[in-house]
Amino acid sequence: MPRKRITRLAVAAAAVAATALVLSACTKVDETAAPESTFPEKDLRLIIQANPGGGSDLSSRALATELEDILGVSVIPENMPGAAGALAMEYVAAQPADGYVIGFAPVEIAMLNTTQGADVLPENYDLLGQIMLAPGVVTVGASSDVKTLEDLVAKAEAGSVTVANSGAGSIWEAATLGLAAEAGGTFTPVPYDGGATAVSAAASGETDAAVSGLGEALAQGDAVRILAVLHDERHPDAPDVPTAQEAIGAEVVFGGWGGIYAPKDLPDDVKSVLESAVEEAVESDSYQQFQADAGNLVVYRDSAEWTTFVEDQFTLFQELLG
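None of these values were measured; they are calculated from a predicted model. Numbers given to residues run from 1 along each chain, matching the order in which its sequence is written. Reporting of local features is limited, given that this is a predicted model, to residues whose pLDDT is at least 70; pairs of side-chain atoms are given and counted only at 80 or more, and all residues count toward the totals for whole chains, interfaces and linings. Just so you know, side-chain values use all the structure's heavy atoms and leave hydrogens and water out.

Caption draft 1: Structural context of the packing of aromatic side chains. Only the six-membered ring of Trp is used, alongside the rings of Phe and Tyr, when aromatic pairs are assigned; centres must lie within 6.5 Å, and planes under 30 degrees apart are stacked while those over 60 apart are edge-to-face, with the rest tilted. Applying the stated criterion to the full structure yields four aromatic pairs. Between W257 and W306 the ring centres are 6.1 Å apart and the planes differ by 85 degrees, which places this aromatic pair in the edge-to-face class. Of this pair, W257 sits in strand β9 (residues 255-263) while W306 sits in helix α12 (residues 303-321); the two residues are 49 residues apart in sequence, bridging distant segments of the chain. Across the pair, exposure class does not vary: W257 and W306 are buried alike. Linked through ring pairs, W257, W306 and F309 together constitute an aromatic cluster. Above the face of the Y100 ring, K42 is positioned so that its terminal group lies 4.8 Å from the ring centre. The ring of F309 is capped by R301, whose NZ or CZ atom sits 3.9 Å from the centre of that ring. The numbering of helices and of strands both runs from the N terminus, where a helix is a DSSP run of H or I of at least 4 residues and a strand a run of E of at least 2. When a residue's accessible area, from a 1.4 Å probe over protein chains only, is under 20% of the maximum for its type it is buried; when over 50% it is exposed; and in between it is partly exposed. Both a distance and an angle decide whether a charge sits over a ring: NZ of Lys or CZ of Arg must be within 6 Å of the ring centre and within 35 degrees of the ring normal.

Caption draft 2: Seen up close, the nonpolar core. With 54 residues, the main nonpolar core has I109, L152, F187, W257 and F317 as its most contacted residues. Here the element with the most residues in this core is helix α6 (residues 171-183); it accounts for seven residues. Ignoring anything within four residues of it in the chain, the contact list for W257 reads A105, P106, V107, I109, A110, Q130, M132, L133, W306, F309, V310 and Q313. Judged by nonpolar contacts, the second largest core, of 27 residues, contains V75, A134, I260 and L266. To define a nonpolar core, start from buried Ala, Val, Leu, Ile, Met, Phe, Trp, Tyr and Cys residues and group those joined through side-chain atoms within 4.5 Å. Residues are treated as being in contact if the distance between any of their heavy atoms lies within 4.5 Å.

Caption draft 3: Inspection of the packing of helix α2 (residues 55-71) against helix α10 (residues 268-283) at higher detail. Axis definition: a line fit to C-alpha positions, over the contact stretch in the case of helices; interaxial angles, taken between N-to-C directions, run 0 to 180 degrees. It is the contact of α2 with α10, at a shortest axis distance of 9 Å, that shows an interaxial angle of 120 degrees. By the criterion of interaxial angle, the relationship of α2 to α10 is oblique. By crossing handedness, the relation of α2 to α10 is classed as right-handed. Of the residues in α10, those in contact with L63, E66, L67, I70 and L71 of α2 are V273, L274, A277, V278, E280, A281 and V282. Side-chain classes are defined by residue name, with Ala, Val, Leu, Ile, Met, Phe, Trp, Tyr, Cys and Pro counting as nonpolar, Asp, Glu, Lys and Arg as charged, and the others, Gly among them, as polar. In the contact of α2 with α10, the residues fall into 10 nonpolar, no polar and two charged. Each angle receives one of four descriptions, namely roughly parallel if under 35 degrees, roughly antiparallel if over 145, roughly perpendicular if within 65 to 115, and oblique otherwise. Should the near helix be turned anticlockwise from the far one by less than a right angle, the crossing is termed left-handed; should it be turned clockwise, right-handed.

Caption draft 4: Structural context of the environment of R45. Summarising the element assignment, R45 is placed in strand β1 (residues 44-48). The spacing of R45 and A64 is 19 residues in sequence and 9.5 Å in space, taken between C-alpha atoms. Apart from the residues within four sequence positions on either side, R45 is in contact with I76, E78, Y91, Y100, V101 and I102.

Caption draft 5: Spotlight on a negative patch on the surface. A cluster of like negative charges, contributed by E182, D232, E233 and E251, occupies part of the molecular surface. Tracing the backbone through its elements, the reader meets E251 in the loop between α9 (244-248) and β9. Only residues whose relative accessible area exceeds 30% and that form no salt bridge enter a patch; like-charged residues are grouped when within 9 Å of one another, and nonpolar side chains (Val, Leu, Ile, Met, Phe, Trp, Tyr) when within 5 Å. Each accessible area is a Shrake-Rupley estimate made with a 1.4 Å probe; only the visible protein chains count as cover when residues are assessed. Each reported salt bridge corresponds to a side-chain nitrogen of Lys or Arg within 4 Å of a carboxyl oxygen of Asp or Glu. The positive count covers Lys and Arg only, the negative count covers Asp and Glu only, and His and the chain ends enter neither. To locate a charge, take NZ of a lysine, CZ of an arginine, CG of an aspartate or CD of a glutamate.

Caption draft 6: Summary view of the pattern of salt bridges. Inspection of every chain in the model, using the stated rule, returns four salt bridges. One salt bridge in this structure joins D208 and K155, with 3.5 Å as the shortest N-O distance. One end of the pair, D208, is in the loop between α7 (195-204) and β7 (209-213); the other, K155, is in helix α5 (residues 149-158), with 53 residues separating them in the sequence. On the accessibility criterion, K155 (33% relative accessible area) is partly exposed. One salt bridge in this structure joins R234 and E246, with 2.9 Å as the shortest N-O distance. Here R234 is found in the loop between β8 (224-230) and α9, whereas its partner E246 is found in helix α9, with 12 residues between them in sequence. With relative accessibility at 36%, the residue R234 sits in the partly exposed group.

See the structure below:
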């Protein structure tokens, strides 16, 4: 073959090789980059610490419906009542941290270690996001001579008032003790089997007052008078009812909040997917409407915010109930 022909072939081959190197450099995969998450690849279980039909159960199922559309897999609610929620929460903590078992955490996640000595601590979990809040309210019977929260505090300062709540160690017992700590006077908690029963006790005059969720008080209709809401702003379902701050100048904020959690140490990509899905579900119109119909507030806190909040609540309940 002539020398010029060989030279041309060599130059052409070199050009092709150079082009291939350039293309290879341009398309080379960054081996240090985190792989795109494929989670979830199967159905999730959502463990609910209460019996079917209650507030925790209904909120959990409403959120699960939204999560299914977002994640593209089934989210299967599973009720696991027992030990005031400790059974379910200890169970979730013991599951593999792969994101396929999550749970609904009520306010008791910050209380059970103090009230029952249960192995339920905020640090045992990855807290993915708060999804709701049921603010507490203070009520008296409609025939009571107590017309305002200020009147009730004055009565407590003059002697003692009995305050019905949903059970020993409950959020509403803690709220009663918190009210006493901020307002002064003697408030004696009286435990009943549930918030509705507690409000009935106040309505009948069996106790001087009750602390419960707003929905339980509203269910009594004209049989009770709602004195104050234990929140930092008025409730849209009871706009004429003042906050404790407005009524007596004391910040008394207690509520039955809840959120979604998982076993500790989820992989970063799995935690990110779940946290984003929870946020999107909470922001959906249908979920917001569900909570409005239930008389609850939609209060969302992301993982970091909710973790700090739960830790602060844990410390508060240790001080009140320990």
